[in-house]
Amino acid sequence: MAETKEQRLAREIYAQVGGMGNVNKVIHCMTRVRMDIKDNASVNLDGLKKIDGVLGIVEDDTLQVVLGPGIVNKVANEMVGMAGVRLGEIIPMKPSTSAALSGREEAERKAAITKANQKNKNNTPFKRALKSIANIFVPLIPAFVGAGIIGGIASVMQNMLTAGSLSGESWVTLVVVLNIIKSGLFAYLNIYVGINAAKVFGATEGLGGVVAGIIYLTGMNPELPLPNVFTGGNLVAGQGGIIGVIFAVFLLSIVEKWLRKFIPDSIDVIVTPTISLLLIGILTIFLIMPIAGVISSSLVGAITWVLNVGGAFAGFVLGATFLPMVMFGLHQILTPIHIEMISTQGMTLLLPILAMAGAGQVGAALALWVKCRKNKQLTNMIKGALPVGILGIGEPLIYAVTLPLGRPFITACIGGGIGGAVIGAIGGVGATAIGPSGVALLPLISNNLWWGYALGLVAAYAGGFVATFLFGVPEEAMEPSELPSSEPANPEMVDLEESSVVR
């Protein structure tokens, strides 16, 4: 296949800036490809200027190659595609090695190898689609954590004002201020999700934010409401929520890419966004919002019903099966459901139960530590991975300790199920935001039911410990031998993610 103009420009730009390894990340604006350069001495500015199609060079915080409107989008996407990343993402370097690793570093290395093998086995189009959905929300996790904790503090203070424990206008004002800060995320969440979805799907980020903003129906005349063609009633602002936003922006990316195939570069910046917004905007209002509204309300209602009716049994099943979902990558589909529950109910009842899976891992690891003291390599890895496991980062324990040994993974799942059963039996234990897990989730538990979540953690720790101590320790793990492992087919695919619950 002949090389296209965009492919040639991408290849020649990399060649003149010192190669792909000298570029940290690539983004673009209206007319320029912007590169974060690692070593400026390796850049050949004269060579860049001589490339056919380059209109100029700007040296600033980033190295900017001027290409013109329209073509710049295509070249930037070719460049990140060659690197195997998306716009704005860090271009990975080959990991370095160290002769002597600490317990935590060794645990992370083992986890990375096992996880890479697992990812290679399950790298299907469906799993890649789920991963794309998860990538929309990962950049928002710090915002969820910060805004969620601030909202939780405001809720506690409001309860104290109502009960009379606090009084005075200054306290009331403080609660108002905290709620304003919290609402900076949750009131406009659709727009943030739309921008991130556009980045993931390869659409223009600003257009993704506008499409997401359409769901608020801001310009609608209250005296002339828009009809819901499916129910016969009227459209409601926010209908469809996060699920509608993701689908609308996905369609936007398809329309944008299709239009750019035949619209001349000289008018691309005018024609493409106008047609894209008009078409997707109409579809969003009259088709996507009604359909997504039914889907989201049905999902939230069904999950709430299962938890209310199933109680401890539903909690056990969810807590016990979540780790296998993580292992196969299926957990990523739960992230938009969490967000939709928070948007509609103010909390997600799922997250505290699913977080018990990581707590079961902690209990299982403690049992292995007690019974496998002669296996120094294993115990060193456990000591290194336990602190982050308690804080809710479960990968080192899962992929370096329990999963390679087999039986402890199963008994850890049982521990997670026991913790989930406790929370399911208590009922109403929800989290106001996603992001943390383990002990770190405590500040985000709503309705002053932090004690219920803490009780679930203790039950999961104990359940994982007892089940593993009695049934989950292989004979070979108690001998002074190395933990069994296998090298990945492609070590460069290794990546440790931040949270086993919300990814």
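This one's a predicted model, so the numbers in the text were calculated from it and none came from an experiment.

When you look at the side chain of Thr284 in this model, what are you seeing that I'm missing?
By the secondary structure assignment, Thr284 is in helix 11 (residues 265–327). Of the residues examined, Thr284 reaches a relative accessible area of 0% and is grouped as buried. A distance of 2.7 Å separates a polar atom in the side chain of Thr284 from the backbone oxygen of Ile280. Leave out the neighbours within four places in its chain, and Thr284 touches Val211, Ile214, Ile215, Ala248, Met289 and Pro290.

Quick question: what am I supposed to make of the UniProt feature "active site" (unreviewed entry) in the protein chain here?
Mapped onto this structure's residue numbering, the UniProt feature "active site" (unreviewed entry) falls at Cys29. By the secondary structure assignment, Cys29 is in the loop between strand 1 (23–28) and strand 2 (32–37). Discounting chain neighbours no more than four positions away, the residues touching Cys29 are Arg34 and Val72.

I'm lost on the nonpolar core in this one. Help?
If you look at the biggest cluster of nonpolar residues, it comprises 73 residues, and the most contacted ones within it are Val193 and Tyr453. With eleven residues, the single largest contributor to this core is helix 11. A domain-level breakdown of this core finds at least three residues from each of domain 2 (127–299) and domain 3 (321–478). When sequence neighbours within four positions are dropped, the list of residues in contact with Val193 reads Ile136, Phe137, Leu140, Ile242, Val245 and Ile246. If you look at the next biggest cluster of nonpolar residues, it comprises 27 residues, including Val17, Val26, Val33 and Leu48.

I would appreciate a short explanation of the packing of helix 1 (residues 5–16) against helix 3 (residues 71–83) in the present structure.
When two helices pack together, their arrangement is given by the angle between the helix axes and the distance between those axes. Close contact between helix 1 and helix 3 brings their axes to 8 Å; oriented N to C, the two are set at 60 degrees. Taken together, the axes of helix 1 and helix 3 are oblique relative to one another. For the pair helix 1 and helix 3, the crossing hand works out as right-handed. Of the residues in helix 3, those touching helix 1 at Lys5, Glu6, Gln7, Leu9, Ala10, Arg11, Ile13 and Tyr14 are Ile71, Lys74, Val75, Glu78, Met79, Val80, Met82 and Ala83.

What is the right way to look at the packing of helix 14 (residues 356–371) against helix 18 (residues 450–471) in this model?
Close contact between helix 14 and helix 18 brings their axes to 7 Å; oriented N to C, the two are set at 40 degrees. Classified by the angle between their axes, helix 14 and helix 18 sit oblique to one another. Between helix 14 and helix 18 lies a crossing of right-handed hand. Within the contact between the two elements, helix 14 uses Met356, Ala359, Gly360, Val362, Gly363, Ala364, Leu366, Ala367, Leu368, Val370 and Lys371 and helix 18 uses Tyr453, Gly456, Leu457, Ala460, Tyr461, Gly464, Phe465, Thr468 and Phe469. Partitioning the contact of helix 14 with helix 18 into residue classes produces 14 nonpolar, five polar and one charged.

Hey, could you run me through the pattern of salt bridges in this one?
Taken as a whole and judged by the stated rule, the model has six salt bridges. With its nearest N and O atoms 3.1 Å apart, the salt bridge here joins Arg260 to Asp268. Across this residue pair, the class does not change: Arg260 and Asp268 are buried. A network of salt bridges, in which partner residues are shared, links Glu3, Arg8, Arg11 and Glu12.

So what exactly am I meant to see when it comes to the packing of aromatic side chains here?
Aromatic rings in a pair are described by how distant their centres are and how their planes are angled relative to each other. Throughout the structure, instances matching the rule amount to four aromatic pairs. Taking 6.2 Å as the distance between ring centres and 45 degrees as the angle between the ring planes, the aromatic pair formed by Phe144 and Phe186 counts as tilted. Linking Phe144 in helix 6 (residues 141–163) with Phe186 in helix 7 (residues 169–186), this pair joins segments that are 42 residues apart in sequence. Look at Phe186 and you get partly exposed, because its relative accessible area is 24%. On the basis of an interplanar angle of 15 degrees and a centroid distance of 5.8 Å, the ring pair of Phe465 and Phe469 is categorised as stacked.

Please clarify how the environment of Phe201 should be interpreted in this entry.
The residue Phe201 is located in helix 8 (residues 189–201) in this model. Here the alpha-carbon distance between Phe201 and Val249, two residues 48 residues apart in the chain, equals 7.8 Å.

Explain the pairing of strand 2 to me, please; I cannot follow it from the model alone.
For a regular strand, side chains alternate in direction, first toward one face of the sheet and then toward the other. Burial along strand 2 is one-sided: the face carrying Val33, Met35 and Ile37 is buried and the face carrying Arg32, Arg34 and Asp36 is not. Note: strand 1 against strand 2, five bridges, orientation antiparallel. The residue bridging Val23 from the neighbouring strand is Ile37, located in strand 2. Taken together, strand 1 and the strand that follows it, strand 2, pair antiparallel across an intervening segment of three residues. Note: strand 2 against strand 4 (residues 63–66), four bridges, orientation antiparallel.

Reading the values: the criteria
Residues numbered from 1 in each chain as written. Predicted model: local features only at pLDDT ≥ 70, side-chain atom pairs only at ≥ 80, totals over all residues. Heavy atoms only, no water. Helix = DSSP H or I, 4+ residues; strand = E, 2+ residues; numbered from the N terminus. Buried < 20%, exposed > 50% of the residue type's maximum accessible area, 1.4 Å probe, protein only. Polar contact = N/O pair within 3.5 Å; in protein donor to acceptor, adjacent residues only side chain to side chain. Contact = heavy atoms within 4.5 Å. UniProt positions renumbered as here; feature names shortened; annotations may be inferred. Core = buried A, V, L, I, M, F, W, Y, C linked by side-chain atoms within 4.5 Å. Domains from an automatic or database assignment. Axes fitted to C-alpha atoms, helices over the stretch in contact; angles between N-to-C directions. Parallel < 35°, antiparallel > 145°, perpendicular 65-115°, else oblique. Left-handed = near helix turned anticlockwise from the far one by under 90°. Nonpolar A, V, L, I, M, F, W, Y, C, P; charged D, E, K, R; others polar. Salt bridge = Lys/Arg side-chain N within 4 Å of Asp/Glu carboxyl O. Phe/Tyr/Trp six-rings, centres within 6.5 Å; stacked < 30°, edge-to-face > 60°. Pairing = 2+ DSSP bridges.

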